[in-house]
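Each chain is listed here by its residues.
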Amino acid sequence: MNNFTDQVTNRLKAMFPDRDTIALHEPCFNDLEKQFVKDCIDSTFVSSIGKYVDKFEQMLSEFTGAKYVIAVMNGTAALHIALKMAGVGPGDEVLVPALCFVATPNTVTYLGAIPHFVDSDYNSLGLDPNKLLDYLSDIGNLKSDGLYNCYTGNRIRAIVPVHTFGHSVNMNLLCEVCDRFNIVIIEDAAEALGSFYQGTHVGTIGKAGTLSFNGNKIITTGGGGAILTNDESIGKWAKHITTTAKIPHQYIYSHDQTGYNYRMPNINAALGCAQMERLASFIENKRKLAKRYALAFKDMQGVHFFTEPVYSKSNYWLNTLIFDRETLHHQQDILEETNTNGIMTRPVWKLMTSLPMYKECPHMNLNTAHTLEKQIINIPSSSFL
Ligand SMILES: *Cc1c(COP(=O)(O)O)cnc(C)c1O
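All figures in this text were calculated on a predicted structure; none of them were measured in a lab. (Residues numbered from 1 in each chain as written. Predicted model: local features only at pLDDT ≥ 70, side-chain atom pairs only at ≥ 80, totals over all residues. Heavy atoms only, no water.)

1. A word on the overall build of the chain
Inference 1: For the chain, the count of helices and strands is eleven helices and 16 strands.
Inference 2: Its C-alpha atoms give the chain a radius of gyration of 21 Å, within 12% of the compact-globule value 21 Å for 385 residues.
Inference 3: In terms of principal-axis extent, the alpha carbons of the chain reach across some 70 × 60 × 35 Å.
Inference 4: Here the chain holds 385 residues, and the buried ones make up 56% of them.
Inference 5: The long-range fraction of contacts in the chain, counting pairs at least 24 apart against all pairs at least 6 apart in sequence, stands at 71%.
Inference 6: Counting only carbon and sulfur atoms, one obtains 51% of the accessible surface of the chain, whose full area is about 16,400 Å². (Helix = DSSP H or I, 4+ residues; strand = E, 2+ residues; numbered from the N terminus. Rg over C-alpha atoms; globule rule 2.2 N^0.38 Å. Buried < 20%, exposed > 50% of the residue type's maximum accessible area, 1.4 Å probe, protein only. Contact = heavy atoms within 4.5 Å. Areas by Shrake-Rupley, 256 points an atom, 1.4 Å probe, with all protein chains shown as cover.)

2. Regarding the packing of aromatic side chains
Inference 1: All chains considered together, the criterion is met by eleven aromatic pairs.
Inference 2: On the numbers, 5.1 Å between centres and 65° between planes, the contact of phenylalanine 56 with phenylalanine 213 is edge-to-face. Of this pair, phenylalanine 56 sits in helix H3 (residues 51-64) while phenylalanine 213 sits in the loop between strand E10 (208-212) and strand E11 (225-229), placing them 157 residues apart in sequence. Of the two residues examined, phenylalanine 56 and phenylalanine 213, each falls in the buried class.
Inference 3: Between phenylalanine 305 and tyrosine 316, the aromatic rings sit 6.2 Å apart at their centres with planes inclined by 15°, giving stacked as the arrangement. Here the residue phenylalanine 305 occupies a position in strand E12 (residues 303-305), and tyrosine 316 occupies one in the loop between strand E13 (312-313) and strand E14 (319-323), the gap between them amounting to eleven residues. (Phe/Tyr/Trp six-rings, centres within 6.5 Å; stacked < 30°, edge-to-face > 60°.)

3. Some details on the pairing of strand E2 (residues 93-97)
Inference 1: Counted residue by residue, E2 has five buried out of five residues, so it is predominantly covered.
Inference 2: Alternating residues of E2 divide into Glu93, Leu95 and Pro97 and Val94 and Val96, and every residue in both groups is buried.
Inference 3: Summarising the sheet, E2 and strand E3 (residues 114-118) pair through five bridges and their orientation is parallel. Residue glutamate 93 lies in a different strand from E3, and its bridge partner there is isoleucine 114.
Inference 4: In this region the chain leaves E2, passes through helix H5 (residues 103-110) and returns to the parallel neighbour E3; the handedness of that crossover is right-handed.
Inference 5: Across three bridges, E2 lies against strand E6 (residues 156-159) in parallel orientation. Bridge assignment links glutamate 93 to a residue of E6, and that residue is isoleucine 156. (Pairing = 2+ DSSP bridges. Right-handed = clockwise from strand over helix to strand, strands pointing away.)

4. A look at the side chain of glutamate 187
Inference 1: Its place among the elements puts glutamate 187 in strand E7 (residues 184-188).
Inference 2: Look at glutamate 187: it is buried, it has no salt bridge, and the nearest opposite charge is lysine 207 at 12 Å.
Inference 3: Here the side chain of glutamate 187 touches glycine 203 through a polar contact of 2.8 Å, landing on its backbone nitrogen.
Inference 4: A polar contact is formed between the side chain of glutamate 187 and the backbone nitrogen of glycine 206, at a distance of 2.7 Å.
Inference 5: Glutamate 187 has contacts with Pro161, His163, Met171, Val202, Gly203, Thr204, Ile205, Gly206, Ala208, Gly209 and Thr210, leaving out every residue within four places of it along the chain. (Lys, Arg positive; Asp, Glu negative; His and termini not counted. Salt bridge = Lys/Arg side-chain N within 4 Å of Asp/Glu carboxyl O. Polar contact = N/O pair within 3.5 Å; in protein donor to acceptor, adjacent residues only side chain to side chain.)

5. Remarks on the sheet that holds strand E1 (residues 68-72)
Inference 1: Sheet architecture is open: seven strands sit in the order E1-E11-E10-E7-E6-E2-E3, paired in mixed fashion. Each having just a single partner strand, E1 and E3 make up the two edges of the open sheet. The sheet shows a mean angle of 25° between the axes of neighbouring strands, taken without regard to direction.
Inference 2: In the packing of H5 onto the sheet, contacts are made with E2, E3 and E7, and the angle to E3 comes to roughly 145°.
Inference 3: Across the face of the sheet, helix H8 (residues 232-241) comes into contact with E1 and E11 while running at roughly 20° to E1. (Axes fitted to C-alpha atoms, helices over the stretch in contact; angles between N-to-C directions.)

6. As for the site of the ligand
Inference 1: Around the ligand sit 14 residues in total, of which Gly75, Thr76, Glu191, Ser212 and Lys217 are the nearest.
Inference 2: Interatomic distance of 2.5 Å between a side-chain N/O atom of threonine 76 and an oxygen atom of the ligand.
Inference 3: For the ligand, an oxygen atom lies 2.6 Å from a polar atom in the side chain of glutamate 191.
Inference 4: Going through the elements one at a time, helix H4 (75-85) and H5 are the ones with two or more residues in the shell around the ligand. (Near = heavy atom within 4 Å.)

7. Quick look at the pattern of salt bridges
Inference 1: This model, assessed by the stated rule, comprises eleven salt bridges.
Inference 2: Note that glutamate 57 is salt-bridged to arginine 263, the shortest N-O span being 2.7 Å. Pair noted here: glutamate 57 is in helix H3 and arginine 263 is in the loop between H8 and helix H9 (266-296), with a separation of 206 residues, a long-range link. Like arginine 263, glutamate 57 is buried.

8. Some remarks on the nonpolar core
Inference 1: Counting residues in each nonpolar core, the largest one holds 88 residues, and the members touching the most others are Phe56 and Leu136.
Inference 2: Top contributing element to this core by residue count: H9, with eight residues.
Inference 3: Ignoring any residue separated from it by four or fewer positions in sequence, one finds phenylalanine 56 in contact with Ala71, Phe213, Ile219, Thr221, Met264, Ala269, Gly272, Cys273 and Met276.
Inference 4: Among the nonpolar cores identified, the runner-up in size contains 23 residues, and Ile22, Leu328, Ile377 and Leu385 belong to it. (Core = buried A, V, L, I, M, F, W, Y, C linked by side-chain atoms within 4.5 Å.)

9. A word on the sheet that holds E12
Inference 1: Pairing is antiparallel across the open sheet formed by four strands, whose spatial order is E12-E14-E16-E15. Single-partner strands in this sheet number two, and they are E12 and strand E15 (346-347).
Inference 2: For E14 and strand E16 (residues 376-379), the ladder comprises four bridges, and the chain directions are antiparallel. When the sheet's bridge partners are listed, leucine 321 is paired in E16 with isoleucine 377.

So this is what it looks like as structure tokens:
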């Protein structure tokens, strides 16, 4: 072990003097969760109908400002439906960051469309709208009905900005680019409940946005997700299609299109309602933890703690250290050393273009994403730390 690896490990250890092991991100429950889940079981309405689903959607709507919220089984299902609502279909291309979680491009392929990978931005860790503008000016052919890729001939229908680790993409810039090229924005805000772009909750700026409530996210419903939108027709259609497209009737089963059984069960929503009551305190704690990390690494050479972009107020879902180009070769050592010392740390995802199913997909120059992949480690981030 060398001096630099030692220093990073020791500074992390010194943050949590009274803990032997520290997980990356653990959920936080108390009596309220038990009370709501028990009430839900006692009511027998544990499945796809019940008061908790409606209440959970209403709480999310109030918190995010989205007019329509549709709670579903997970964030992946939410993204699948949101992209379908955007009109994505077979042969379309959808722009997705190369540095992101695999669920995002997976949902593009569920619809028979092709992920087209774009580069990252050092300021947000999300996609880079400036680089996108140059790239689309170069490869795009703007016709009256939309943008086409000059090389493949496919329509570039939509883009999925991912608000990475809870940090917002520069949405004003992105909206300008997408207006100009007639591309629909579907925001993947899976990691960003409680994050705001210039005062507006992320996930409510594009045509639609999605959230995840998986066990490792800022709040959890066990498994869960939601679609956010201000568009009435999308909101209504999304609810209809995620509930098997059943035409409401007291006793007749009739369905007017191929639907999905994606609705969030009531028992999961009961957990979610309790978690929503505590969201504000989770965000406050996570922002305090981020401040402590920033201070702990302030005077250290070779590495810095990633802080929110100036335009954003982030939930700091997963805290992030970024190594300088000169020290990034220590990434593996540091992962090894911290994990054997009870401090759970993780590298960022592998670039999507390195996975076998996405190797052949179109992509722009991915210089920043390639560097960031080697520079990032995520450090413990639970809201009770
Ligand atoms: C967690 C996550 C998802 C998927 O959410 P699930 O609820 O696990 O299906 C999608 N995109 C991103 C960026 C995520 O972090």
